[in-house]
Structure formats: structure tokens, C-alpha cells
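# Survey of secondary and tertiary structure
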Protein chains: 2
Amino acid sequence: MTALGTLYGVGVGPGAPDLITLRAFRLITGAPVIAYPAPDTGESFARSIVADMLHPGKVEIPIVIPMRTTRYPAAEVYDQAADDIAAHLLDGRNVVLLCEGDPFFYGSYMYVHDRLSARFTCEVVPGVTSPLASAAVLGLPLVSRNDVLTVVPAPNEDDTLRAQIAAADVTVIMKVGRHAKRIVALLHDMALFDRAHYAERVTIDGAEFTCPLADLGDREVPYFSMIIVQRKTQRDEI
Amino acid sequence: MTALGTLYGVGVGPGAPDLITLRAFRLITGAPVIAYPAPDTGESFARSIVADMLHPGKVEIPIVIPMRTTRYPAAEVYDQAADDIAAHLLDGRNVVLLCEGDPFFYGSYMYVHDRLSARFTCEVVPGVTSPLASAAVLGLPLVSRNDVLTVVPAPNEDDTLRAQIAAADVTVIMKVGRHAKRIVALLHDMALFDRAHYAERVTIDGAEFTCPLADLGDREVPYFSMIIVQRKTQRDEI
């Protein structure tokens, strides 16, 4: 009887290929099967980060997530992906599922994990998340000492956003995209507009853009973007 | 005239040597000068993570942080460290300052950054943070979809902890240490004790320990520990 394969949920970080971990590199180059989320048209972002590490001969499983559904990606997509991956695991082949950032930080890996972790060994390899990568690129120390940090996705309602921002020392608003104007207005209203920074596609060669929020202007804001709000004018010096 | 050296604040992740990034590896093995925080007695944790990558001949600058001061580490320690590092940068040598986890996520790197970033090029290399590493080890998806995540250090007052926990979907309480009993009592009082997990020294070989908080018992809790509270009994399935 063949030993079962292991499923690895592997974080590939914010975008720069050299911001993956040594463990991720070893697993990605060694695994016979690589799965990744992909849009219905165009390239998979997760795959693009590690494209140069994928030697010919690997089996690839794109998990195609329809972008324009009225509700969240259909359960059937993940059911099918889990079945496809399970077939390899049953045959004893390890599978690496690539995830932008970190698999358990707003990652789609968890929907496959939910379906397979009772039957197979599933290991998660944590990755560098985009809030920390954005802070690094901006040269903006994020939190120190006893600071409270809150991460809140932009699609939350105004009241939620407002309450979270007011209660934290630093707030990272993720997935800004089409919510940008609403959040800018809200930060103006809270007198925090001048204490916010904007970051998009950080560490991705040729695509990275960051600025004080005050300089954003009419820029088109993509989904992979965030606003970092620092309530304190300056942190305690040491 | 010699070109100035660059200061790199390099995150070395939660503890496992193979959870540093490829960029960190390249910079650490290549830099002529390595600095790191160190206790007054015993080994530097940050240095220990990458000890096998430090070839002889590197200059090492331990930044000795007194552990038992009544206030936060003395400014003089960082003034001196900044001076020592500046001397190398002025001579054109690059310096890598190692940081557990990520330099801008409760890291001491930022105190050196504050002192030198106006005079020298300072680049920050983000790293894997311990909350994500703990979630990975626990097999606990942290946040998905529009979940709100809050990170709050344990030394904050009860009222602050309570308000933050009540407002977030998931709360990571950092630096638990001697605050463990107080936080356990608080979570009991909030009826969230059974929805919490405990993690210490994750990914460190032979030292890692995780469990449901209910199983913690009288265990001695170190500084490098955290409690993860999930308010929802289960997240939305897909």
C-alpha cells in the first residue's frame, strides 16, 4: 500500500520571489504537483511569484475562481479542487498549494484545508503578509511596545470601520479597491486623513506603488491595495 | 570618497531557520557586519535562528538590552548601538540588524532605524510573524473574507483587552508571560475561554508548545507566547 501524500499550504509572500521562505522554496521545487488559485482569464498571481522555480514536468492544478460571481466563489470550485488534489495524495504524491501572502491570512487555501485535513496530513507554511511588506516598503514602523494593531477588510460597513479605527493605535485596511473613495471620506471625517498611507502591489517588480494617502488623488485603486492609519502623531521615542 | 554602507533591518521569522526569506538568507550570508539584540546573560534569540549561516570573519555587534530595567530599555543602549553601526556604514560596510519575526512588528530594530534613517539608506526586509506561525502550527485558519483581526499585547489594561477582544472576530494576545492568569480569568468572564488557543516558541525545534487554552493548566508561561481568541464558533463555510 502506498503511503499517502501530504498537502502543503505554502505562503509565497507579498510578491517579490525572494520574499518566500527557504522552506517554501524547498517544497515548491521538490513537489511533483503544484496547485494555485487562478482567475478565469489571465495569470495566477501566486504562480507568477514562483514561476521561475517551476521546472518542467510538474503537474499543475489551477483552481479557477470566477471573479464576477454575485456571491463568494462557488463551493463547487473548492469541492472539485479538493477532489483533484485528493487523487494525487491517495497515489502518494505530495501537493503544494500556493497562496499569496500567508495561507491562513485571508487565503483561499483554508477552503481546501477544510475539505481535506480530516483525511490527509496538511501542513501550513506561513508566509510574509502584505501589511508588513507595505510597512517595510514605506519605511513606516508599524507597531511597537503595547500598541494595538487591527486589520480590517475594506468591504466592512462604515460603522465597523469607524469603530475599529478609533479603537486601535494602527489600523490596516485591506482590499481597498472600489471602496477607496468611501474610506478616504471616512478618514477625512475622523480627522485621520493626514495620518494615513497607501500601498498597492508592494514588492512586485514594476508594479509597486506607495504614497501618503493625501497624494493618492484620482488614482485607480486595485484590489491588492491597503491603507495604513496611524492614530498617534508619533510613537513613544526611546 | 567611500560610498556609504546600507543598514538592513532583517526579519528572521518566528524561530525555525528555514522560515527566513531567501532575501534574508542572501543578506545575512553576504553582510560583513551583523548586529542583533541580546540579553545581558545567555544567547541572542535572533542570532540563534541564523547561527549556522554566520561564517567566521563576520564582525558581530550584540545590542545588549538589560532585561530587568524598571522602564523600557535605556535610550543609551540604542544610542550606542546606532553609533557602532554608523561607524561601519561610514566606512562603506553594509550592516544587517537581525530581528525576531518582522522588524516593524514590535521589533527593537525601529529604535535604531529612528536614529539612522535620516543619515543612511535603511532597508527593511519583512519576515514571518509569530501569530501567523502559531496559526500554521495549530492548524487554525486565522482570518478569512471580511474578518477583523486585532493584535494586542498582554500588558495592556483589562478594559483595553476586553474592548478589543469584544470588537474583533479574532484577537491575538501577544507577550503573554506573567499576564497569563489575568487573561485566562478575563476570557472566562467573557465566556470565550473555550474558544482560545495557546502557543509558545512556535517552530523552534524542541521548544514549541501549543494547546487549546483549556489544557494549559499550571504551565509556566514565557514571554514569547500568545493566546489566539476566535469569537465565532465557526467561520462561514464555503
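Keep in mind that what you see is a predicted model, and the values were worked out from it rather than measured. (Residues numbered from 1 in each chain as written. Chains lettered and ligands numbered in written order. Predicted model: local features only at pLDDT ≥ 70, side-chain atom pairs only at ≥ 80, totals over all residues. Heavy atoms only, no water.)

Along the chain, the position of A168(A) falls in the loop between α6 (158-167) and β7 (170-174). Look at A168(A) and you get buried, because its relative accessible area is 1%. For the pair A168(A) and V148(A), spaced 20 residues apart in the sequence, the C-alpha separation amounts to 5.2 Å. Beyond its immediate chain neighbours, meaning those up to four positions away, A168(A) contacts V148(A), T150(A), R231(A) and Q164(B). (Helix = DSSP H or I, 4+ residues; strand = E, 2+ residues; numbered from the N terminus. Buried < 20%, exposed > 50% of the residue type's maximum accessible area, 1.4 Å probe, protein only. Contact = heavy atoms within 4.5 Å.)

This part covers the pattern of salt bridges. Residue and element names in this part refer to chain B. According to the stated counting rule, one finds 20 salt bridges over all chains in the structure shown. The shortest N-O distance in the salt bridge between E200 and R219 comes to 2.9 Å. Placement of the pair is E200 in strand β8 (residues 196-200) and R219 in the loop between β9 (209-212) and β10 (225-230), with a sequence separation of 19 residues. (Salt bridge = Lys/Arg side-chain N within 4 Å of Asp/Glu carboxyl O.)

Below, the discussion takes up the interface of chain B and chain A. The interface is formed by 61 residues belonging to chain B together with 61 residues belonging to chain A. Across the chain B-chain A interface, the total number found is four salt bridges. Note that D18(B) and R23(A) form a salt bridge whose closest N and O atoms lie 2.9 Å from each other. Remark: the boundary between chain B and chain A carries 23 residue pairs in polar contact (both at pLDDT 80 or more). Counting only elements with at least two residues in the side of chain B that touches chain A, the list comes to α1 (22-30), α3 (75-90), α4 (109-116), β5 (122-125), α5 (130-138), β6 (149-153) and α6 (158-167) of chain B. In terms of strand pairing, strand β6 (residues 149-153) of chain A meets β6(B) through three bridges, oriented antiparallel. Note on β6(B): the bridge partner recorded for L149(A) is V151(B). (Polar contact = N/O pair within 3.5 Å; in protein donor to acceptor, adjacent residues only side chain to side chain. Pairing = 2+ DSSP bridges.)

Residue and element names in this part refer to chain B. Along helix α7 (residues 180-189), the positions that sit buried rather than exposed are A180, I183, V184, L186 and L187. All buried residues of α7 project into a common sector of 165° when viewed along the axis, lining one side. With respect to the buried face of α7, the exposed residues turned more than 90 degrees away are K181 and D189. If you follow the buried residues of α7, they end up packed against α6, β7 (170-174), β8 and β10. One or two positions beyond α7, positive phi appears at A191, with a value near 60°. (Arc of directions from axis to C-beta.)

To continue, consider the relation of the copies chain B and chain A. When chain B is fitted to chain A, the residual RMSD is 0.0 Å, and the transformation amounts to a turn of 180° plus an axial shift of 0.0 Å. As the rotation angle and translation indicate, the two copies are arranged about a two-fold axis. Interface overlap between copies is the fraction of interface residues in one copy that are interface residues in the other; for chain B against chain A it reaches 100%, indicating a shared surface. (Least-squares fit on C-alpha atoms with pLDDT ≥ 70 in both.)

Before going further, it helps to examine the sheet that holds strand β3 (residues 59-65) of chain B. Through backbone hydrogen bonds, the strands of a sheet pair up, either in parallel or in antiparallel fashion. Residues and elements named next belong to chain B. Here five strands make up an open sheet; going across it, the order is β3-β2-β4-β1-β5 and the pairing parallel. The sheet is open, and its two borders are formed by β3 and β5, each paired with just one other strand. Each strand of the sheet is rotated relative to its neighbour by a mean of 25°, with strand direction disregarded. Pairing geometry for strand β2 (residues 33-39) and β3, over seven bridges, is parallel. Bridged to P37 within β3 is I63. Where α4 meets the sheet, it contacts β1 (7-11), β3, β4 (95-99) and β5, and its direction lies at approximately 160° from that of β5. (Axes fitted to C-alpha atoms, helices over the stretch in contact; angles between N-to-C directions.)

Turning our eyes to something else, we now look at the side chain of Q230(A). Residue and element names in this part refer to chain A. With respect to the helices and strands, the residue Q230 is situated in strand β10 (residues 225-230). A distance of 3.2 Å separates a polar side-chain atom of Q230 from the backbone oxygen of P141. Leave out the neighbours within four places in its chain, and Q230 touches L140, P141, L142, D169, V170 and R195.

Evaluated as defined, the whole model comprises twelve aromatic pairs over all chains. Here the aromatic rings of F104(A) and Y109(A) are separated by 6.0 Å at their centres, their planes lie at 40°, and the arrangement is tilted. The residues F104(A) and Y109(A) share a single accessibility class, namely buried. With centroids separated by 5.4 Å and ring planes inclined at 80°, the aromatic side chains of Y223(B) and F224(B) adopt a geometry described as edge-to-face. Ring-pair connections join several aromatic residues into one group, and the members of that group are F45(A), Y223(A) and F224(A). One residue, R219(A), lies across the ring of F209(A), its end atom 3.6 Å from the ring centre. (Phe/Tyr/Trp six-rings, centres within 6.5 Å; stacked < 30°, edge-to-face > 60°. Lys NZ or Arg CZ within 6 Å of the ring centre and 35° of its normal.)

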